[in-house]
Amino acid sequence: MVATAIASNNEVNSARNAAERYGVKSRPDLSYTPAVARETAHLYERVKHHIPAIEWPVHAPYIHAINRLKAERGAVILAHNYQTPEIFHCVADIVGDSLQLAREATKVDAEIIVQCGVHFMAETSKLLNPEKTVLIPDMRAGCSLSESITGADVRLLRERYPGVPVVTYVNTSADVKAETDICCTSSNAVAVVESLASDTVLCIPDEYLALNVAKQTKKTILTWKGHCEVHERFTAEELNAYREADPSIEIIAHPECHPDVIAVADYAGSTSGMINYVKDKKPARALLVTECSMASNIQSEVPEVDFVKPCNLCPHMKRITLPKILDSLLEMREEVLVDPAIASRARLAVERMVALSQ
Ligand code: 13P
Ligand code: SF4
């Protein structure tokens, strides 16, 4: 019954696109006027360590226009921890790791969600908010993990391992989630695996996350050969060299890294777990083994920490920029829709995860 209602709503949404439903707004003046300078001065305080004063007049008019338009449209901006500081600190309403964003997406009152992150995150928001309009500023913002597997692959795995439950990392398409028993993120993967009755679990598609989970459970973990193109580049040798140069350095890694990398880290956890660890421990020097923007985003909150930045950028996250966010709100694009035939099954897998983590 519910599925039918959602399906028909999605059909209405796709028949009249978001631009037709909400209208297109004309482009605002993007000059750096004294009023813009005054109204964005408090935001500059948050990013002044990363954006030189000479560059602020380029960003400020976009930030000013986005925040105005966001209020006019009644929109909310959800941004992942890997977004650049001017997005993270100056236009986002809610920031977090994948699990936090998925949970917040269930609580959003606004009619329009602009997802500053990659496509699977926007799709997750749409799954949890089928009645709302979800926009992503660049539809090409993908993910190497998400692209490593299809729904057809999962069906073949089920044929090969009958009866084995499938835990799918949230970094996947709705098509893959629809074939899944339950989703997980880097912050709850062990708990999700432990919640299942079976002694053997398929944990896909991130091979390294699965191997790292396997070290924390007695269950047999089967996996897939997907990798994050950002985290797979870090090596234990590289981290050992940093440690030799400064034995007091705290090495904090994301579980998408190879297990050899995790073995030399002082802490491993989701992006928000990493942030909380730094905020709690305030080490003199820290190396965040993850995407480059994370350190920049938290630097102002922990000025006493010296961040060493091996600097691997996620090209997909970096597709999201202030000009594209403004275009997104002006023209109500690009709208994220999920095929109703798969949406209800995919939603169930995400909802099971959200319920487990509450
Ligand atoms: P988190 O869930 O830890 O934020 O990770 C998402 C991600 O894409 C990391 O590469
Ligand atoms: Fe995907 Fe890796 Fe980019 Fe995260 S950092 S979105 S896992 S490619």
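Note: the structure precedes this text.
Residues numbered from 1 in each chain as written. Chains lettered and ligands numbered in written order. Predicted model: local features only at pLDDT ≥ 70, side-chain atom pairs only at ≥ 80, totals over all residues. Heavy atoms only, no water.

All right, on to the overall build of the chain then. Per the secondary structure count, the chain includes 17 helices and 12 strands. Against the globule reference of 21 Å for 358 residues, the chain gives a C-alpha radius of gyration of 21 Å, in line with a compact fold. Each of the 358 residues in the chain was classed as buried or not, and the buried ones make up 56%. Counting only contacts in the chain whose residues sit at least 6 apart along the sequence, the fraction spanning at least 24 positions is 64%. Approximately 15,000 Å² of the chain is accessible, and the part contributed by carbon and sulfur atoms is 52%. (Helix = DSSP H or I, 4+ residues; strand = E, 2+ residues; numbered from the N terminus. Rg over C-alpha atoms; globule rule 2.2 N^0.38 Å. Buried < 20%, exposed > 50% of the residue type's maximum accessible area, 1.4 Å probe, protein only. Contact = heavy atoms within 4.5 Å. Areas by Shrake-Rupley, 256 points an atom, 1.4 Å probe, with all protein chains shown as cover.)

Around ligand 2, the surrounding shell consists of Tyr-82, Val-118, Cys-143, Ser-144, Leu-145, Asn-171, Cys-228, Val-230, Glu-256, Cys-314 and His-316. The class makeup of the residues in the shell around ligand 2 is 7 nonpolar, 3 polar and 1 charged. (Near = heavy atom within 4 Å. Nonpolar A, V, L, I, M, F, W, Y, C, P; charged D, E, K, R; others polar.)

A regular strand places its side chains so that they alternate between the two faces of the sheet. Of all 5 residues making up strand 3 (residues 112-116), 5 are buried, and the element is well covered by its neighbours. What you see with strand 3 is no split at all: Ile-112, Val-114 and Cys-116 on one side and Ile-113 and Gln-115 on the other are buried throughout. Of the strand pairs in this sheet, strand 1 (residues 75-80) and strand 3 are connected by 5 bridges, and their pairing is parallel. Residue pairing across strands places Leu-78 opposite Gln-115, the latter belonging to strand 3. Across 3 bridges, strand 3 lies against strand 4 (residues 133-135) in parallel orientation. Bridging from a neighbouring strand, Ile-112 pairs with Thr-133 of strand 4. As for the winding sense of the linkage, the β-α-β connection from strand 3 through helix 7 (residues 119-128) to strand 4 is right-handed. (Pairing = 2+ DSSP bridges. Right-handed = clockwise from strand over helix to strand, strands pointing away.)

The contact between helix 7 and helix 17 (residues 340-356) brings their axes to 9 Å, and the two run at 100°. One element, helix 7, and the other, helix 17, form an angle in the roughly perpendicular class. On the side of helix 7, the interface is formed by Thr-124, Leu-127 and Leu-128, while helix 17 contributes Ala-343, Ala-346, Arg-347, Val-350 and Glu-351. Its residues placed into classes, the contact of helix 7 with helix 17 shows 5 nonpolar, 1 polar and 2 charged. (Axes fitted to C-alpha atoms, helices over the stretch in contact; angles between N-to-C directions. Parallel < 35°, antiparallel > 145°, perpendicular 65-115°, else oblique.)

Quick look at helix 8 (residues 151-160) now. Restricting attention to buried positions, one finds in helix 8 the residues Gly-151, Val-154 and Leu-157. Taken end-on, helix 8 shows its buried residues confined to a sector of 115°, consistent with a single buried face. When the buried face of helix 8 is taken as reference, the exposed residues oriented beyond 90 degrees from it are Leu-156, Glu-159 and Arg-160. (Arc of directions from axis to C-beta.)

Any link to function would need more than the numbers given here.
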